[in-house]
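Next come the chains, spelled out residue by residue.
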Amino acid sequence: MQGINREALAGTGLVVLYTLMISSADAITKFIAKGYAAPQLFAFSGAVVVALSWVSARMKRGQGQSLRTSCPRAMALRALLTVVGSVAFFQAFRLLPFAEVFVFIGLMPLFAGMLSGPVLGEHVRPMAWGALAAGFVGVLCLFPGGLASVTAGHLVALAACLCGALSLVLARYIGGYEKNSIAQVFYPNLALFLAMALALPFVYKPMPLSDLAWVGAYAGFLFAARWVSVVALRLLAAYAVTPLMNLQFVWMVILGAVFFGEVPGGHIYLGVAIVIGSGVFLVYDQMQPGGVPMPGWMRRPQFMRRAKSVR
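Residues numbered from 1 in each chain as written. Predicted model: local features only at pLDDT ≥ 70, side-chain atom pairs only at ≥ 80, totals over all residues. Heavy atoms only, no water.

(A) The overall build of the protein chain, seen in detail. Within the protein chain, the regular secondary structure consists of 13 helices and zero strands. The order of α-helices and β-strands along the protein chain, N terminus first, is α-α-α-α-α-α-α-α-α-α-α-α-α. For the protein chain, the residues scored as buried account for 51% of the 311 residues in total. Sequence-distant contacts, at least 24 apart, represent 89% of the contacts inside the protein chain between residues at least 6 apart. Counting only carbon and sulfur atoms, one obtains 70% of the accessible surface of the protein chain, whose full area is about 13,600 Å². (Helix = DSSP H or I, 4+ residues; strand = E, 2+ residues; numbered from the N terminus. Buried < 20%, exposed > 50% of the residue type's maximum accessible area, 1.4 Å probe, protein only. Contact = heavy atoms within 4.5 Å. Areas by Shrake-Rupley, 256 points an atom, 1.4 Å probe, with all protein chains shown as cover.)

Written out as structure tokens, the structure is:
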């Protein structure tokens with residue numbers, strides 16, 4: 001292991017775990033979307049995640065975990081993006097085949113790479129930009145009918161992934177100022193719960209116990225996945241994390257085939273090979289000694305003081 005960035009290796013393992021958990025949550029979203037409106041899923045699941053976050057913070061107070069944040073404005077923006085992105089993804093799963101949503105998830109590395117410069121001040125090396133471009137070509141291969149077949153569902157999915165990419169970049173920004181990962185799970189889900197609770201009376205439908213159990217499982221997967229993603233984003237650069245998240249496609253194909261009878265065509269697998277290949281290269285680039293220099297904003301005196309205070 002000499003010469004390899006151990007934090008990057010740990011971050012890679014966490015992202016792989018994240019992809020499995022978030023794909024399971026997405027499958028439940030697609031299942032629930034057939035019979036219920038978005039507020040019904042997100043109001044109930046958001047309440048569960050908020051409760052789990054509060055309990056976790058109480059149990060880990062001695063380890064520096066709490067619901068306090070030193071970046072309230074960035075946290076508020078991330079919470080807003082979570083609300084908009086969650087609803088957009090819900091509609092995308094309702095309108096598009098399960099694996100086809102991955103086409104737009106695959107765009108997230110490009111968006112994150114574009115945003116990490118102005119938001120984080122992270123230097124993206126030319127070879128990494130080449131890998132990002134290759135990933136984008138892979139995404140185009142995933143689109144079965146080409147750009148001429150764009151529908152409302154595709155536009156909604158695009159908006160969802162833009163929100164998701166910026167939310168991930170903000171998670172890394174906040175993680176640079178504080179080690180408090182529970183707060184990054186609590187506040188976005190609190191915003192989601194409050195916003196969806198306001199709309200719930202207008203769309204509510206009685207739910208059998210079996211569907212309530214699915215909502216509970218969704219909340220559990222989501223809580224664990226978001227907590228893991230926040231930790232991973234402290235260990236890997238945003239543009240390296242998001243390409244690795246393309247491993248979701250593997251789980252999405254399996255879940256789509258088993259539960260929804262959706263089998264992708266051969267051209268989709270070609271695109272996935274290109275996308276995942278670019279992600280593997282970016283992780284390798286990150287794992288090399290000196291792979292990503294510390295951003296300028298992390299070297300500022302005020303950051304160093306804040307970092308010490310939250311430890």
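(B) Focus on the packing of helix H7 (residues 152-177) against helix H9 (residues 209-235). The interhelical angle for the contact between H7 and H9, taken along N-to-C directions, is 65 degrees, at an axis separation of 9 Å. As judged from the angle between their axes, H7 and H9 are roughly perpendicular. Every pair of crossing elements has a handedness; the one defined by H7 and H9 is right-handed. Taking contact as the criterion, the partners of Leu 168, Ala 171, Arg 172 and Gly 175 in H7 are, on H9, Leu 233, Arg 234 and Leu 235. A class-by-class count of the residues in the contact of H7 with H9 yields four nonpolar, one polar and two charged. (Axes fitted to C-alpha atoms, helices over the stretch in contact; angles between N-to-C directions. Parallel < 35°, antiparallel > 145°, perpendicular 65-115°, else oblique. Left-handed = near helix turned anticlockwise from the far one by under 90°. Nonpolar A, V, L, I, M, F, W, Y, C, P; charged D, E, K, R; others polar.)

(C) Spotlight on the nonpolar core. Counting 63 residues, the largest nonpolar core has Phe 42 and Ile 105 as the members making the most contacts within it. If one sorts the elements of this core by residue count, helix H1 (residues 6-33) sits on top with ten residues. Apart from residues lying up to four places away in sequence, Ile 105 is in contact with Phe 89, Cys 161, Asn 246, Gln 248 and Met 252. One finds Ala 74, Met 75, Ile 174 and Tyr 177 within the second-largest nonpolar core, a separate group that totals six residues. (Core = buried A, V, L, I, M, F, W, Y, C linked by side-chain atoms within 4.5 Å.)

(D) Layout of the packing of helix H2 (residues 38-59) against H9. Here H2 crosses H9 at 50 degrees, and the two axes come no closer than 9 Å. Taken together, the axis directions place H2 and H9 in an arrangement best described as oblique. At the point where H2 passes H9, the crossing takes the right-handed sense. Residues Leu 41, Phe 42, Phe 44, Ser 45, Val 48, Val 49, Leu 52, Ser 53 and Ser 56 of H2 form the contact with H9, whose participating residues are Leu 212, Val 215, Tyr 218, Ala 219 and Phe 223.

(E) Just the confidence of the model for the protein chain, in detail. Per-residue confidence for the protein chain gives a mean pLDDT of 78; residues scoring 70 or more make up 81%. Predicted confidence in the protein chain is weakest over helix H13 (residues 301-310), with a mean pLDDT of 41, and strongest over helix H3 (residues 72-95), with 92. Per-residue pLDDT stays below 50 along residues 292-311; that stretch engages in 30 contacts with residues further than four places along the chain or on separate chains. (pLDDT = per-residue confidence, 0-100.)

(F) Quick look at the packing of aromatic side chains. Across all of its chains, the model carries six aromatic pairs by this definition. Through a chain of ring-to-ring contacts, three or more aromatic side chains come together here, namely Phe 42, Phe 90 and Tyr 218. Across from the ring centre of Phe 260, 5.7 Å away, lies the NZ or CZ of Lys 30, which sits over that ring. Positioned above the aromatic ring of Tyr 36, the side-chain terminus of Lys 205 is 5.5 Å from the ring centre. (Phe/Tyr/Trp six-rings, centres within 6.5 Å; stacked < 30°, edge-to-face > 60°. Lys NZ or Arg CZ within 6 Å of the ring centre and 35° of its normal.)

(G) Structural view of a nonpolar patch on the surface. Nonpolar side chains collect at one region of the surface, where Val 250, Ile 254, Val 258 and Phe 259 lie side by side and expose about 390 Å² of accessible area between them. You can see Val 258 is positioned in helix H11 (residues 248-260). Residue classification places Val 258 among the exposed positions, given a relative accessible area of 60%. (Patch = residues over 30% accessible without salt bridge, like charges linked within 9 Å, V, L, I, M, F, W, Y side chains within 5 Å. Salt bridge = Lys/Arg side-chain N within 4 Å of Asp/Glu carboxyl O.)

(H) Representation of empty space enclosed by the protein in the model. For the structure on display, the rule yields two cavities of 30 Å³ or more. Size it by volume and the largest cavity reaches roughly 560 Å³. In terms of lining, the largest cavity is formed by 33 residues, of which the most central are Tyr 18, Ile 22, Phe 89, Gly 164 and Arg 226. Elements represented by at least two residues in the lining of the largest cavity include exactly H1, H3, H7, helix H8 (181-203) and H9. Residue contributions to the lining of the largest cavity peak at eight residues, all from H3. Considered class by class, the residues forming the lining of the largest cavity number 19 nonpolar, eleven polar and three charged. (1 Å grid on protein atoms, 1.4 Å probe; cavity = no way out; pocket = protein on both sides within 12 Å on 5 of 7 lines; lining within 4 Å. Points joined across faces, edges and corners; volume = space filled by probe spheres on them.)

(I) View of the state of the cysteines. Counting across every chain of the model gives zero disulfides. Sulfur of Cys 163: no disulfide; nearest cysteine sulfur belongs to Cys 161 and is 9.2 Å away. Classification of Cys 163 as buried rests on a relative accessible area of 12%. (Disulfide = S-S within 2.5 Å.)

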